[in-house]
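# Understanding the architecture of this molecule
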Amino acid sequence: MEDQRGHWSSSFGFVLAATGSAVGLGNLWKFPFVTWENSGGAFVLIYLVCIAAVGLPIMMAELLIGRKAQKSPVGALKAAVGPAWGIVGGWGVLCGFILLSYYTVIAGWSLFYFSKTLGWTAGGFPTDLQMGDLFGEQVSNGGLQVGLSLLFSIATVSIVYFGVQKGIERIAKIFLPILFSILLLMLISAARMEGFGESLAFIFIPHFGELEPAGILEALGHAFFTLSLGMGAMITYGSYLERRQSIVKSAGIIVLLDTIIGLVAATIMFAVIFSVAGMEEQVSGSTVGMLFISLPQLFYTEVPFGTILGPLFYLLIALAALTSTISLLEVVASYVIDEHGVGRHKATVLCGATIFIFTILSALSFGAVDGLSTFEIFQGKPGWFSTADHFVSNWMLPTGGFAITMAAGWFMTRESTMAELAGESEPAWFSYEVWRFFIRFVAPAAVASIIIAVMFFGTDFS
Ligand code: TRP
């Protein structure tokens with residue numbers, strides 16, 4: 001069995017794959033709008049503290065559990081912590097299943113806007129087109145939504161099908177450099193825009209008076225989401241690591257890259273928005289739509305080299321989303337492979353197809369099918385998509401994350417975690433004792449505060 005499991009070919013390949021998992025719609029779509037809603041600076045500062053104090057230690061914990069056990073989440077938690085902990089792994093697999101089913105729908109939107117912007121670049125931008133209307137029409141067109149997400153699902157399955165090295169790692173090695181390059185080009189273009197200074201000031205100068213207490217918890221919730229933590233994705237990727245590959249160094253790089261990419265994405269978007277008179281007010285009406293409603297036409301009117309950068313930008317979103325969806329599918333597929341002895345090819349197709357059934361429900365919940373679009377289990381979250389997102393972001397990731405801090409901080413012995421983290425190859429900035437303090441006390445207290453906020457104060461992180 002052990003020999004059949006894949007391995008990353010190098011630490012570099014692993015770091016790119018894990019960064020690909022972390023960098024996704026969370027960075028490019030969610031982070032800019034939650035930063036916007038929370039008035040920038042102070043929120044960003046709190047978010048950075050959450051990343052360092054909670055995200056980084058949990059990232060190390062997940063990777064160490066995976067590497068130690070060399071198994072996917074269910075088997076890994078059973079082996080590294082104890083038989084009952086398989087339930088936490090199962091919770092993670094379920095979470096991956098649900099998250100993938102709706103994430104694919106938004107990923108599909110990026111394909112739609114990629115093809116639209118390509119068309120505009122080739123044939124000219126139709127100045128009389130209302131972006132809000134275009135968005136409304138595409139999301140409520142059931143056939144289109146199912147088609148787009150089917151394309152995306154097929155792409156996801158066909159990568160995971162080829163396994164860890166030949167599929168996931170190889171794609172990450174190609175896509176991530178492209179992604180970094182596109183983002184860099186966009187940053188250079190944004191730096192030439194009038195609103196660039198204002199954008200930097202908005203993001204990096206904290207005004208604490210403007211931050212609501214709920215914003216603090218939202219920052220913590222987003223730290224989980226953006227780093228792909230709380231559901232065993234990093235346990236899974238860690239399980240393909242060989243012992244000589246350093247966890248601490250890799251975790252540091254992954255977290256740093258993910259954070260920089262979120263900040264750069266926000267900087268670019270706000271630079272565009274601040275450069276257009278009156279845009280600010282328009283955006284606050286539809287922050288979720290920032291990426292798909294406010295931005296598209298601005299490439300053709302405001303952004304230097306926008307006709308080229310427009311399609312590139314939506315391509316960037318699609319690539320970033322794809323390196324995340326493959327990691328989500330890998331969580332589910334590796335469970336079926338490791339725990340049920342199913343072969344990889346069969347497992348990926350089977351899991352991909354089953355998840356897609358639920359993708360259809362999400363895809364039709366933006367107005368295409370009434371019953372799916374309007375029912376409300378969580379107040380103010382109508383429809384299948386919002387319900388699923390609310391449940392995952394507010395309930396599943398925080399509870400899963402809490403369990404993982406407990407596992408690594410309290411249920412695994414000091415010797416066993418130390419053996420994974422405190423090798424000779426660990427960098428000078430790392431101290432095992434500091435990590436242990438954070439994973440035992442700081443991270444669980446912070447995560448418990450999210451759960452309590454969700455349960456008793458109805459705070460919403462989705
Ligand atoms: N981190 C991803 C993003 O920012 C979303 C995500 C959350 C994820 N958990 C995951 C991706 C697990 C892959 C695996 O878009």
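Quantities reported herein were computed from a predicted structural model and do not represent experimental measurements.

The rules behind each value
- All residue numbers refer to position in the chain's written sequence, counted from 1.
- Owing to the predicted nature of the model, reporting of local features is limited to residues with pLDDT of at least 70; listing and counting of side-chain atom pairs is limited to 80 or more, with chain, interface and lining totals taken over all residues.
- Only heavy atoms go into the side-chain values, all of them from the structure, while hydrogens and water stay out.
- Under the DSSP-based scheme used, a helix requires at least four consecutive residues in state H or I and a strand at least two consecutive residues in state E, with every element numbered from the N terminus.
- Two things to know: the radius of gyration comes from C-alpha atoms, and the globule rule equals 2.2 Å times the number of residues to the power 0.38.
- Only protein chains enter the area calculation, which uses a 1.4 Å probe; residues under 20% of their type maximum are buried, those over 50% are exposed, and those in between are partly exposed.
- With residues, only the protein chains shown are counted as cover, and all accessible areas are computed by Shrake-Rupley using a 1.4 Å probe.
- Charge counting follows a simple rule: Lys and Arg are positive, Asp and Glu are negative, and His as well as the terminal groups are ignored.
- Throughout, a charge is located at the NZ atom of Lys, the CZ atom of Arg, the CG atom of Asp or the CD atom of Glu.
- Note on geometry: axes are lines fitted to C-alpha atoms, helical ones only across the stretch in contact, with angles between N-to-C directions running from 0 to 180 degrees.
- Working definition: roughly parallel below 35 degrees, roughly antiparallel above 145 degrees, roughly perpendicular at 65 to 115 degrees, and oblique for all remaining angles.
- Crossing handedness follows the turn of the near helix against the far one: under a right angle anticlockwise gives a left-handed crossing, and clockwise gives a right-handed one.
- Residue contacts are counted whenever heavy atoms from the two residues lie within 4.5 Å of one another.
- Asp, Glu, Lys and Arg are counted as charged, while Ala, Val, Leu, Ile, Met, Phe, Trp, Tyr, Cys and Pro are counted as nonpolar; the rest, among them Gly, fall into the polar class.
- Nearness is defined per residue: one heavy atom within 4 Å of the molecule or strand is enough.
- Residues adjacent in sequence count toward polar contacts only when both atoms are side-chain atoms; beyond that, a polar contact is any pair of N or O atoms within 3.5 Å, and within protein one must be able to donate a hydrogen and the other to accept it.
- Grouping into patches uses exposed residues only, defined as over 30% relative accessible area, and leaves out salt-bridged ones; the cut-off is 9 Å for like charges and 5 Å for nonpolar side chains (Val, Leu, Ile, Met, Phe, Trp, Tyr).
- Note on definitions: salt bridges are taken to be side-chain nitrogens of Lys or Arg within 4 Å of carboxyl oxygens of Asp or Glu.

## Section: the overall build of the protein
- Helix and strand content of the protein: 21 helices and zero strands.
- Here the protein has a C-alpha radius of gyration of 21 Å; the compact-globule value for 462 residues is 23 Å, and the two agree.
- Along the first, second and third principal axes, the C-alpha set of the protein runs to 65 × 50 × 40 Å.
- By the burial criterion, 61% of the 462 residues in the protein qualify as buried.
- Only carbon and sulfur atoms are counted for the fraction: they give 66% of the accessible area of the protein, which is about 17,300 Å².
- Side-chain charges in the protein split into 20 positive and 30 negative, and the spacing between the mean points of these groups amounts to 15 Å.

## A few points about the packing of helix α1 (residues 11-22) against helix α8 (residues 163-191)
- Taken N-terminus to C-terminus, the directions of α1 and α8 make an angle of 70°; their axes are 8 Å apart at the nearest point. When the interaxial angle is binned, α1 and α8 end up roughly perpendicular. Crossing geometry of α1 relative to α8 is assigned as left-handed. For the pair formed by α1 and α8, the contact residues are Phe12, Gly13, Leu16, Ala17, Thr19 and Gly20 on the first element and Ile168, Glu169, Ala172, Lys173, Leu176 and Phe180 on the second.
- A breakdown of the residues in the contact of α1 with α8 according to their chemical character gives seven nonpolar, three polar and two charged.

## Focus on the site of the ligand
- Close to the ligand lie 16 residues, the nearest being Ala22, Gly26, Tyr103, Phe225 and Ser228.
- Take Ser21: an N or O atom from its main chain is 3.4 Å from a nitrogen atom of the ligand.
- Between the ligand and Gly26, the relevant distance is 2.8 Å, taken from an oxygen atom to a main-chain nitrogen or oxygen of the residue.
- Counting only elements with at least two residues in the shell around the ligand, the list comes to α1, α2 (25-37), α5 (86-123), α10 (213-226) and α16 (306-340).
- The residue makeup of the shell around the ligand, split by class, is eight nonpolar, eight polar and no charged.

## Some details on a nonpolar patch on the surface
- A surface patch of nonpolar side chains, amounting to about 450 Å² of accessible area, comprises Trp410, Phe411, Phe437 and Phe441.
- For the nonpolar patch, the secondary-structure elements that each account for two or more residues are α19 (383-411) and α21 (432-457).
- Checked against the element boundaries, Phe437 lands in helix α21.
- We classify Phe437 as partly exposed; its relative accessible area is 45%.

## Quick notes on the pattern of salt bridges
- Tallying each qualifying case throughout the model produces eight salt bridges.
- Between Arg67 and Glu420 there is a salt bridge; the shortest N-O distance is 3.1 Å. One end of the pair, Arg67, is in helix α3 (residues 41-69); the other, Glu420, is in helix α20 (residues 414-421), and 353 residues separate them in sequence.
- For Glu330, the salt bridge goes to Arg344, with nearest N and O atoms at 2.9 Å. With Glu330 in helix α16 and Arg344 in helix α17 (residues 344-363), the pair connects residues that are 14 residues apart, well separated along the chain.

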